[in-house]
Amino acid sequence: MRRDLGALLGLTSVLTLIGYQYDFSATAFFEHRWLYHFSDQRTSPRSAPDFGGIEAVLTLPDSQDIRQKRVQNVCQRYRERLYRPHYRGLKSNFFPDTMRPRYCSTAECPLLVDIRHRFLFCFVQKVASTTVKALFLENSIGTDQLSRGNVTQLHRVANDRIRRVGPQFYTKKKMKKFFKAIFVRHPFERLVSVYEDKVGQEPQKMTYFYDKYFKQFASRKNITGTLSFSDFVDYLIETPWAEFDEHWMPYFQRCEVCLVGYDFIGKLETASEDFDAMLDNGLTDMKSKLRRLNSRYQNGRLDFGRVETYFIQLERNQIMALYRIYRFDFELFGYNILNFIDTFDNGTP
């Protein structure tokens, strides 16, 4: 098994280096050519495989230049799908002429706007969204009283006070005048965070989400009480994208990654370095604000071991079906699912 694993990692490294020269995705190669070979095999949940600390090796090389090139390549590779608007995205939560507020949901208007800094940020729930909103709110009256324990109030105030627009609100010419940024995290890790916060509780404790999204599903599946993580995954697999809540909507769909053309791509896995690098782009006066906010609002990253405890509850075909939903997020941002598939257990797929 070790010999096979070593050969696999070696081949991954070679294909990765080739990929950056010739627009070839090593991640896509393994996930489509190799892992899909096992997608129809149903297996019972087993104990977590011991990867012996190789998780970092299974992460593709990363830098801002590589992230930008990867996004450009993937957008071109799937241009018919990714350059097509996924929803209208033409709205704003303010009247452009008077700047007076008007209603626009956070699903339709996910881009935060800082006119003074010419800064646009696509906020994604469960990806440091609290920190980012607090950063945009720092100059607003009364926000000093919003504590970490009052995150719900912070989001409510932020959604009302911060100017927000849809991904296609501004013309392409005007968009070029803004510095545009987005932060992401591993798609599966984000789903675990969503499950713990919005799904994996008693229905009476999360009435809004349960009644709107899960009540009919639970009734159809004869599920009583709290939905398991496996139930949540089945819900995602069986639900059309158009009915997804923004908390689990794919990045490429919510932020229109290929249409907007973000100037900076940050990752929660390297949030400390990436926030500093992002603010170096004409936003240095925000750095002191960020340092003040981090102690109060910074979202902690889930460790892989914690995520793994949920994914070992799934069958392999569930993981592969889930991957297909978020496939473009994986490819656009250089994530993989090798460490979520128990392919090395006892040398059997």
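Scroll up for the structure.
In this text, all values refer to a predicted model and were calculated from it rather than measured experimentally. (Residues numbered from 1 in each chain as written. Predicted model: local features only at pLDDT ≥ 70, side-chain atom pairs only at ≥ 80, totals over all residues. Heavy atoms only, no water.)

Enquirer: Could you give me a rundown of the overall build of the protein chain, with the residues and numbers involved?
Expert: Each helix and strand in the protein chain was counted, giving 17 helices and five strands. Residue pairs at least 24 apart in sequence account for 76% of intrachain contacts in the protein chain once pairs closer than 6 positions are excluded. Looking at the protein chain as shown, the accessible area adds up to about 17000 Å², and 49% of this sits on carbon and sulfur atoms. (Helix = DSSP H or I, 4+ residues; strand = E, 2+ residues; numbered from the N terminus. Contact = heavy atoms within 4.5 Å. Areas by Shrake-Rupley, 256 points an atom, 1.4 Å probe, with all protein chains shown as cover.)

Enquirer: Account for the environment of F229, naming residues and giving values.
Expert: Topologically, F229 is positioned in helix α10 (residues 229–238). Accessibility expressed as a relative area gives 1% for F229, which makes it buried. A C-alpha to C-alpha distance of 7.7 Å links F229 and Q313, two positions 84 residues apart in sequence. In contact with F229, not counting residues within four places along its chain, are L191, V192, Y195, Y310, F311, Q313 and L314. (Buried < 20%, exposed > 50% of the residue type's maximum accessible area, 1.4 Å probe, protein only.)

Enquirer: Describe in detail the state of the cysteines, supporting the description with residues and values.
Expert: Taken as a whole, this structure holds three disulfides when the rule is applied. Here C104 engages in a disulfide with C109; their sulfurs sit 1.9 Å apart. Its S-S torsion of approximately 85 degrees makes the covalent link between C104 and C109 right-handed. Accessibility assignment for this pair places C104 and C109 in one class, buried. Here C122 is linked by a disulfide to C255, with a sulfur-sulfur distance of 2.0 Å. What sets the handedness of the C122 and C255 disulfide is the S-S torsion sign, and at about -80 degrees it is left-handed. With a gap of 133 residues between them, C122 in strand β2 (residues 119–122) and C255 in the loop between α11 (251–254) and α12 (257–260) connect regions that are remote in the sequence. Each member of the pair, C122 as well as C255, is classed as buried. (Disulfide = S-S within 2.5 Å.)

Enquirer: Could you give me a rundown of the pattern of salt bridges, with the residues and numbers involved?
Expert: Scanning all chains against the criterion turns up 15 salt bridges. Ionic pairing is found between R185 and E189, a salt bridge with its closest N-O pair at 3.5 Å. The exposure class assigned to R185 is buried, which follows from its relative accessible area of 2%. A salt bridge links E196 to R306, with the nearest nitrogen and oxygen atoms 2.7 Å apart. Taken together, the residues E196 in helix α8 (residues 187–199) and R306 in helix α15 (residues 304–311) connect sequence positions 110 residues apart. (Salt bridge = Lys/Arg side-chain N within 4 Å of Asp/Glu carboxyl O.)

Enquirer: So what's going on with the side chain of D329? Which residues, and what values?
Expert: Tracing the chain through its elements places D329 in helix α17 (residues 327–333). Of note is the side chain of D329, whose polar atom sits 2.8 Å from the backbone nitrogen of Y251. Apart from residues no more than four positions distant in its own chain, D329 is found in contact with P187, P250, Y251, F252 and Y335. (Polar contact = N/O pair within 3.5 Å; in protein donor to acceptor, adjacent residues only side chain to side chain.)

Enquirer: Please provide a residue-by-residue account of the environment of L283, values included.
Expert: The residue L283 is located in the loop between α13 (271–279) and α14 (287–297) in this model. Using a relative accessible area of 0% as the deciding quantity, one classes L283 as buried. Along the chain, L283 and R118 lie 165 residues apart, while their C-alpha atoms are 9.4 Å from each other. Once residues within four sequence positions are removed from consideration, L283 is found in contact with H117, F119, F179 and M278.

Enquirer: Quick one: what's the story with the environment of M278, residue by residue and with numbers?
Expert: Mapped onto the secondary structure, M278 falls in helix α13. Excluding anything up to four places from it in sequence, M278 contacts F119, F121, F179, A181, F183, F264 and L283.

Enquirer: Let's hear about the side chain of H155: which residues, and what values?
Expert: Turning to its location among the elements, H155 is positioned in helix α6 (residues 151–161). Setting aside its immediate chain neighbours within four residues, H155 contacts S129, T130 and K133.

Enquirer: I'd like to hear about the packing of α8 against α15, residue by residue, with values.
Expert: Running from amino to carboxyl end, α8 crosses α15 at an angle of 75 degrees, the nearest separation of the two axes being 10 Å. As judged from the angle between their axes, α8 and α15 are roughly perpendicular. On the side of α8, the interface is formed by F188, E189, V192, Y195 and E196, while α15 contributes R306, V307, Y310 and F311. Along the lines of polarity and charge, the residues of the contact of α8 with α15 split into six nonpolar, no polar and three charged. (Axes fitted to C-alpha atoms, helices over the stretch in contact; angles between N-to-C directions. Parallel < 35°, antiparallel > 145°, perpendicular 65-115°, else oblique. Nonpolar A, V, L, I, M, F, W, Y, C, P; charged D, E, K, R; others polar.)

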